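Notes for the structure review
One letter stands for each residue in the lines below.
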Amino acid sequence: DNAFLADKLRSGKAVITGWSQLSAPMVPELFARSGYQAVTLDLQHGMYDFASACEAMAAIALAGAHRIARIPVGDNALAGRLIDMGADCIIAPMINSLRDAETFARAVKYPPIGDRSWSPFRAAMLSGQTRDQYLENANAQTLAFAMIETQDAIDALDEILSVDSLDGVFVGPSDLSLALSKGASLDPNGAHTGEVAGEIAEKALAAGKLAGIFCLNADKVEEAYNQGFRLMSHGVDTLFLDHSARAALKEVAWL
Ligand code: 3PY
Ligand code: MG
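Residues numbered from 1 in each chain as written. Chains lettered and ligands numbered in written order. Predicted model: local features only at pLDDT ≥ 70, side-chain atom pairs only at ≥ 80, totals over all residues.

Another aspect to go through is the packing of helix α4 (residues 76-84) against helix α5 (residues 98-108). Here α4 crosses α5 at 25 degrees, and the two axes come no closer than 8 Å. Here α4 lies roughly parallel to α5, going by the angle between them. Crossing of α4 over α5 shows right-handed handedness. Listed contacts from α5 to N76, A79, G80 and I83 of α4 are T103, F104, A107 and V108. Along the lines of polarity and charge, the residues of the contact of α4 with α5 split into five nonpolar, three polar and no charged. (Axes fitted to C-alpha atoms, helices over the stretch in contact; angles between N-to-C directions. Helix = DSSP H or I, 4+ residues; strand = E, 2+ residues; numbered from the N terminus. Parallel < 35°, antiparallel > 145°, perpendicular 65-115°, else oblique. Left-handed = near helix turned anticlockwise from the far one by under 90°. Contact = placed C-beta atoms within 7 Å. Nonpolar A, V, L, I, M, F, W, Y, C, P; charged D, E, K, R; others polar.)

Here's what the structure looks like:
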């Protein structure tokens, strides 16, 4: 369908996004062709750079799916470039303060709620709008999600959620579990990590924001949905390949 990602999420629809770290454009296209409504390109921990993300977004768009990009820490200039090239949603990692949230979200939005710089030629083309229409709709259609995944972020959550130009929060359960255990254990699927994620979603929803989360299995997707999250990742290309490669080799282990 032609609905915008922002409209789907705001109307309460769940959106599952594939998560891509391998930067050949066929990889995110495969996610989209296999039915994922959205594909997230990981420019923080994956192999993508700006050029490969541009190619990937074209391939995803061709397959009719939403484009989400996770930027490297603090790279708000790249956020602007990626939306200009057709990202529907930017996820910014390690947002730890009001100032982090404000500078990030403002880079994604045009005045009066932000200071995004003008020239969305590609984004307007991909969304099927004239540039005038694009200007009218961009602030509502383009999403800024701040990752909440540190103790500082939890401490500053109310302030972060007060940022007008921010659309939502996105929980990173691995870093969150490291923060909660003070570095003692990585426990993204643990009960305590899940409870804290639920509290983050509750606060976000109460503040009128959207909530998203990185999930490592289908049970976590269900838990997150019940906690009010609507944007959930499920399926990472590197992990798919890792699991399938091991399984394939195991089948011929008799050799
Ligand atoms: C985390 O779990 O910390 C993430 O950033 C998800 O990729
Ligand atoms: Mg993280």
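Attention now moves to the sheet that holds strand β2 (residues 38-42). Overall, parallel pairing links the eight strands, which are arranged β1-β2-β3-β4-β5-β6-β7-β8 in a closed barrel. The mean inter-strand angle of the sheet, taken between neighbouring strand axes irrespective of direction, is 25 degrees. Its contacts with the sheet put helix α3 (residues 50-62) on β2 and β3 (66-70), and the angle it makes with β3 is roughly 155 degrees. (Pairing = 2+ DSSP bridges.)

Before going further, it helps to examine the environment of M125. Relative to the assigned elements, M125 resides in helix α6 (residues 121-126). Owing to 14 C-beta atoms within 10 Å, M125 belongs among the partly exposed residues under this scheme. Taking C-alpha positions, M125 is 8.5 Å from G86, a pair spaced 39 residues apart along the chain. (Buried ≥ 20, exposed ≤ 12 C-beta atoms within 10 Å, placed from the backbone.)

Before going further, it helps to examine the site of ligand 1. Taken together, P93, E149, G172, P173, S174, D175, P188 and F214 form the complete shell of residues around ligand 1. A breakdown of the residues in the shell around ligand 1 according to their chemical character gives four nonpolar, two polar and two charged. (Near = placed C-beta within 6 Å.)

Counting 70 residues, the largest nonpolar core has I90, A146 and I213 as the members making the most contacts within it. With six residues, strand β5 (residues 143-148) is the single largest residue contributor to this core. Excluding residues that lie within four positions of it along the chain, A146 makes contacts with A92, I95, A101, F104, I160, L166, V169 and F170. (Core = buried A, V, L, I, M, F, W, Y, C linked by C-beta atoms within 7 Å.)

Per the UniProt record, the feature "domain: HpcH/HpaI aldolase/citrate lyase" (unreviewed entry) sits at residues 19-239. Here residues 19-239 is 47% helix and 17% strand, with 10 Å between the C-alpha atoms at its ends. (UniProt positions renumbered as here; feature names shortened; annotations may be inferred.)

Moving on to helix α11 (residues 191-206). Given a rise of 1.5 Å per residue, 16 residues ought to cover 22 Å, and the 23 Å separating the end C-alpha atoms of α11 matches this to within 8%. Here α11 has its buried residues at T193, G194, A197, I200, A201 and A204. In an axial view of α11, the angular spread of the buried residues amounts to 120 degrees, which keeps them on one side of the axis. Turned more than 90 degrees off the buried face of α11, the exposed positions are A191, H192, E199 and A206. Those residues of α11 hidden inside the fold are in contact with β5, α9 (157-161), β6 (168-171), α10 (173-180), β7 (210-214) and α12 (218-226). Backbone geometry just after α11 places G208 at a positive phi near 80 degrees. (Expected span 1.5 Å × (residues − 1). Arc of directions from axis to C-beta.)

Note that the residue after P111, namely P112, is joined by a cis bond; omega there is 10 degrees. Looking at the secondary structure, you find P112 in the loop between α5 and α6. The backbone of K182 shows a phi angle near 50 degrees, a positive value even though the residue is not glycine.

Attention now moves to the confidence of the model for the protein chain. Across the protein chain, pLDDT averages 97, with 100% of residues at or above 70. Scoring of the predicted complex yields 0.98 for pTM and 0.99 for ipTM. (pLDDT = per-residue confidence, 0-100.)

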